[in-house]
Each structure stands twice: as structure tokens, then as C-alpha cells.
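Architecture and fold: a report
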Amino acid sequence: ALSHEQAQALLLDMSKSSAQVEAIVRTRAEGMIGASAANGVGKKPVNASQPAVPAPASGSAPASSAVVSSESGPGSVFQRLSNWRHGHTSTGMIFGCNKATMAECLKRMLFGLPDGKVYRQAGEKVVPFDSALFLFNYTDRQLYGVFMATSAVDFNLEPEAWKSTGTYRGRAKGEVSPFPTQVRVQLIHRFPPLPEDIFKPVLKYRGHHKFDVDLSPQQVSQLMDMYMQADRVAKPPGV
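Counting starts from 1 at the beginning of each chain's written sequence and moves along it residue by residue. With pLDDT at 70 or above as the cut-off, local features in this predicted model cover only qualifying residues; side-chain atom pairs require 80 or more to be listed or tallied, and sums for whole chains, interfaces and linings still use all residues. For the side-chain quantities, the full set of heavy atoms in the structure was used; hydrogens and water were omitted.

**Brief notes about the confidence of the model for the chain**
This is how the line gets drawn: Confidence of the predictor at the level of single residues is captured by pLDDT, which takes values from 0 to 100. Contacts are assigned to residue pairs that have any heavy atoms within 4.5 Å of one another.
Of all residues in the chain, 66% attain a pLDDT of 70 or more, and the chain-wide mean is 78. Predicted confidence is poor over residues 36-74, with pLDDT under 50, and the contacts of this stretch with residues over four places away or in other chains come to 62 contacts.

Following this line, the structure appears as C-alpha cells:
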């Protein structure tokens, strides 16, 4: 878990996105969707034989340890991002938040969704230390990433999480979280957030505003292409 100050700093850092970044990424998004299949999906993963990164000790992770090492090697940012970009993951998943709950998600390094068959079935596909996770903010309609699952998706891992937003089926606050479909996460890299109209073609929508939260390896690959392009625009050469 992060302190309140660390969570607020991380939230501010993840929210940074200039109009220039958004405009450039928007113009290239359509081509990138088609190109992801040609970027190596199905090739041998980078360092695929290396062991997974161990989970951090509960309650002892400072802000700096929320990000995997940037050096090359087992569990490095390079390895994780390369594998995800080339479709070398079991699956991915999108969790939700809003303006009122995002800071708590980051402070706890915990994502949640309502209870329900659809969310439980999607969560069953998540593999700890392999699956790529993303956080969709329903307030600004932007997708934040990228994170890695460090636990299986389970019911009510932290009963007091987001209790200020309501109760679960009439139960007392703090007994069952209002968003009990939960997973522990680790931040792998802070990318500029993607506006919904940029990543929308990648997802399977059911109506105008609802989409499937489970992601195939190919969908993860397409999102990673968009994030990496946004990162290059946001960080010019030499920065």
C-alpha cells in the first residue's frame, strides 16, 4: 500500500497528458490497430524461461517499489512491456474507477469491480505475474496503465476498500466492499492515459458506453502499441 501523499503524487503523474500528445496519438491510432498483428504476435517471448517477480511484502511497498525495475532481466519493465506488446500474455483485464475512487485504487494498489457473473468469469482468466491490467476512469473516460496482477482475482480481498461509496447488498460498511471483485496490482510503467475514442476500436462494446472487460492477448498488444506511441510523443528524444 502507498501513503496518501504517495498515492496523490502518483495520481497526478499518471494524469499528465498534453493536447499535443492526444492529437498525435489520435491520428496514428487507426493504423496502429492494424499493425499490431504484424508486430510479432506469436513469436517467442522475451526471457520466457525466467521466473516471475515475487510479490512485494504486504503493506511495505513505498512509491518507488510500485514500479518494476527498469533494468533488463527477469521481471524488468523491458521484458514485461515487450512480452505484452507482442501478445505474450495469457490475458488482460480492465478495471474501473472514478474521480472519487481512483486515488484509493492507487493507494491500496488494489482494483475492484462490482460483484457479478460477467466480472467473475473475466477475473478467472487473470494470471498473477503475467496478466496486464488497465484502469478505466469513468469520470474522464480515459484508460490508465499499465499494471500487472500480483494476485488472483478474488472476492472481497479488502472489505473496507471504497466503503465511502456505498454498501454491498445492505451489508454493514467495512464488512463487504461495494466493489468486491478485487485484484492486487503492481504498476509496471506510467504511460500517458488514452482517451476513450482512441482505444475504443480495440474493445468490444455493448452499447455506446459499456464494453467487455476481459482482453485477449491481441487486444493487450494493440493497447500497448498505443501506449508506447503516446509515451514517445510525450517524451521526445533526449528527455
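What follows continues from the structure just given.
**Overview of the pairing of strand β4 (residues 142-149)**
Which entries qualify depends on this criterion: Three exposure classes are used, based on accessible area relative to the maximum for each residue type with a 1.4 Å probe and protein chains only: buried under 20%, partly exposed in between, and exposed over 50%. Strands are runs of DSSP state E lasting at least two residues, helices are runs of H or I lasting at least four, and both sets are numbered from the N terminus onward. At least two DSSP bridges between two strands are required for those strands to pair.
Of all eight residues in β4, eight are buried, a share of seventy percent or more. Across five bridges, strand β3 (residues 132-137) lies against β4 in antiparallel orientation. Looking at β4, one finds that Asn137 is bridged to Gln142. Joining the antiparallel neighbours β3 and β4 is a turn of four residues, in which Arg141 adopts a positive phi near 55°. Bridging between β4 and strand β6 (residues 181-187) involves three bridges; their strand directions are antiparallel. In the strand pairing of β6, Met148 is matched with Gln186.

**A few points about the environment of Val176**
Positionally, Val176 belongs in the loop between β5 (154-155) and β6. In this structure Val176 comes out as buried when scored by relative accessible area, which is 6%. The spatial distance from the C-alpha of Val176 to the C-alpha of Phe155 is 9.1 Å, given a sequence separation of 21 residues.

**Considering the packing of aromatic side chains**
The condition that has to hold: Pairing of aromatic side chains here covers Phe, Tyr and the six-membered ring of Trp, requires ring centres within 6.5 Å, and sorts the geometry by plane angle: under 30 degrees stacked, over 60 edge-to-face, intermediate tilted. Put simply, a charge is over a ring when the Lys NZ or the Arg CZ is close to the ring centre, within 6 Å, and near the line of the ring normal, within 35 degrees.
Scanning the model with the defined rule gives 10 aromatic pairs in all. Their ring planes at 70° and their centres at 5.9 Å tell us that Phe155 and Tyr168 sit as a pair that is edge-to-face. Placement of the pair is Phe155 in strand β5 and Tyr168 in the loop between β5 and β6, with a sequence separation of 13 residues. Judged by its relative accessible area of 40%, Phe155 is partly exposed. In textbook terms, an aromatic cluster arises when at least three aromatic residues are bridged by ring pairs, as seen for Phe136, Tyr138, Phe199, Tyr205 and Phe211. Note that Lys200 overlies the ring of Tyr205, its terminal NZ or CZ placed 4.9 Å from the centroid.

**Notes on the nonpolar core**
Quick reminder of the rule: Remark: nonpolar core denotes a set of buried residues (Ala, Val, Leu, Ile, Met, Phe, Trp, Tyr, Cys) joined through side-chain atoms within 4.5 Å.
Within the largest apolar cluster, 28 residues are counted, with the highest numbers of intra-cluster contacts made by Leu81, Trp84, Phe134, Val146, Phe199 and Met224. The set of elements that each furnish at least two residues to this core consists of α3 (77-85), β3, β4, α6 (196-199) and α7 (217-234). For this core, the element with the highest residue contribution is α7, accounting for seven residues. Residues contacting Leu81, with those up to four places away along its chain left out, are Val146, Ile188, His189, Phe191, Met224 and Met228. The next biggest cluster of nonpolar side chains, apart from the first, holds 24 residues, and it includes Phe111, Tyr144, Val153 and Ala161.

**Brief notes about the side chain of Gln182**
Short version of the rule: In protein, a polar contact requires one atom able to donate a hydrogen and another able to accept it; more generally it is a pair of N or O atoms within 3.5 Å, and residues adjacent in sequence count only if both atoms are side-chain atoms.
Mapping Gln182 onto the fold places it in strand β6. The exposure class assigned to Gln182 is buried, which follows from its relative accessible area of 0%. A polar atom in the side chain of Gln182 sits 3.3 Å from the side chain of Ser177. Engagement of the side chain of Gln182 in a polar contact is seen with the backbone oxygen of Phe179, the distance being 3.1 Å. Here Gln182 is in contact with Leu110, Phe111, Gly112, Ala152, Val153, Asp154, Asn156, Leu157, Glu158, Ala161, Trp162 and Ser177, once residues within four sequence places are set aside.

**Focus: the side chain of Asp231**
Counting through the fold element by element, Asp231 comes out in helix α7. Assessed through its relative accessible area of 13%, Asp231 is described here as buried. A distance of 2.9 Å separates a polar atom in the side chain of Asp231 from a polar atom in the side chain of His189. Sequence-distant contacts of Asp231, defined by excluding residues within four places in its chain, comprise His189, Arg190, Phe191 and Pro192.

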